[in-house]
Amino acid sequence: MSKFKKDDSGLVAAIVQDAITSEVLMLGYMNDESIALTMRDNEVWFYSRSRQELWHKGATSGNTLSVVEMYKDCDADAILIKAKPAGPTCHTGNVSCFYRKIEADDLED
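Now for a quick tour of the structure. These numbers come from a predicted model, not from an experiment.

Proximity of charged atoms lets side chains of opposite charge pair with each other. In the structure shown here, the tally under the stated rule is 3 salt bridges. For Asp41, the salt bridge goes to Arg40, with nearest N and O atoms at 2.6 Å. Classification of Asp41 by relative accessible area gives partly exposed; the value is 29%. Accessibility expressed as a relative area gives 60% for Arg40, which makes it exposed. Across the pair Glu53 and Arg51 runs a salt bridge, and its minimum N-O distance is 3.1 Å.

Right, dumping it as structure tokens:
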């Protein structure tokens, strides 16, 4: 269906960025169906690698992501979604999933 370069599981990485602040909110994975649903609904859908099923972001929490624009990178192997979040994006309650700075001890076994 789509003209994206996908991994062996048929997935492409999708980065979500706040359309207003430009903060990177999260990384998820999409397949053809979740891309089509996202474009149709103007709300972000992913494919959950752990549950092996489609996942409408915010279906449980109400913290949906309304799509403003979508881009593919130069190699068509990643997607950037600019969205307006309805509440915190991270399941921990943080605005972004990227709130933990990498420290030297993160490199130890």
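Once that is clear, we can look at the pairing of strand 5 (residues 65-72). Where strand 5 and strand 6 (residues 78-85) come together, 7 bridges link them in antiparallel fashion. Counted as the bridge partner of Lys72 is Ile79 from strand 6. The loop that links strand 5 with its antiparallel partner strand 6 comprises 5 residues; one of these, Ala76, has a positive phi angle of about 60 degrees.

Among the surface-exposed residues, Ile15, Val24, Leu27 and Phe98 lie close enough to one another that they form a single nonpolar patch of about 340 Å² accessible area. Considering the arrangement of structural elements, one finds Phe98 in the segment after strand 6.

Spatial ordering of the open sheet is given by 2-1-6-5, a layout of 4 strands whose pairing is mixed. The sheet is open, and its two edges are formed by strand 2 (24-30) and strand 5, each paired on a single side. Between one strand axis and the next, the sheet turns through 25 degrees on average, direction left out of account.

Here we take up the environment of Gly28. You can see Gly28 is positioned in strand 2. Spatially, the C-alpha atom of Gly28 lies 9.9 Å from that of Lys57, the residues being 29 residues apart in sequence. Sequence-distant contacts of Gly28, defined by excluding residues within four places in its chain, comprise Val12, Ala13, Ala14 and Phe46.

Rules used throughout
- Residues numbered from 1 in each chain as written.
- Predicted model: local features only at pLDDT ≥ 70, side-chain atom pairs only at ≥ 80, totals over all residues.
- Heavy atoms only, no water.
- Salt bridge = Lys/Arg side-chain N within 4 Å of Asp/Glu carboxyl O.
- Buried < 20%, exposed > 50% of the residue type's maximum accessible area, 1.4 Å probe, protein only.
- Pairing = 2+ DSSP bridges.
- Helix = DSSP H or I, 4+ residues; strand = E, 2+ residues; numbered from the N terminus.
- Patch = residues over 30% accessible without salt bridge, like charges linked within 9 Å, V, L, I, M, F, W, Y side chains within 5 Å.
- Areas by Shrake-Rupley, 256 points an atom, 1.4 Å probe, with all protein chains shown as cover.
- Axes fitted to C-alpha atoms, helices over the stretch in contact; angles between N-to-C directions.
- Contact = heavy atoms within 4.5 Å.

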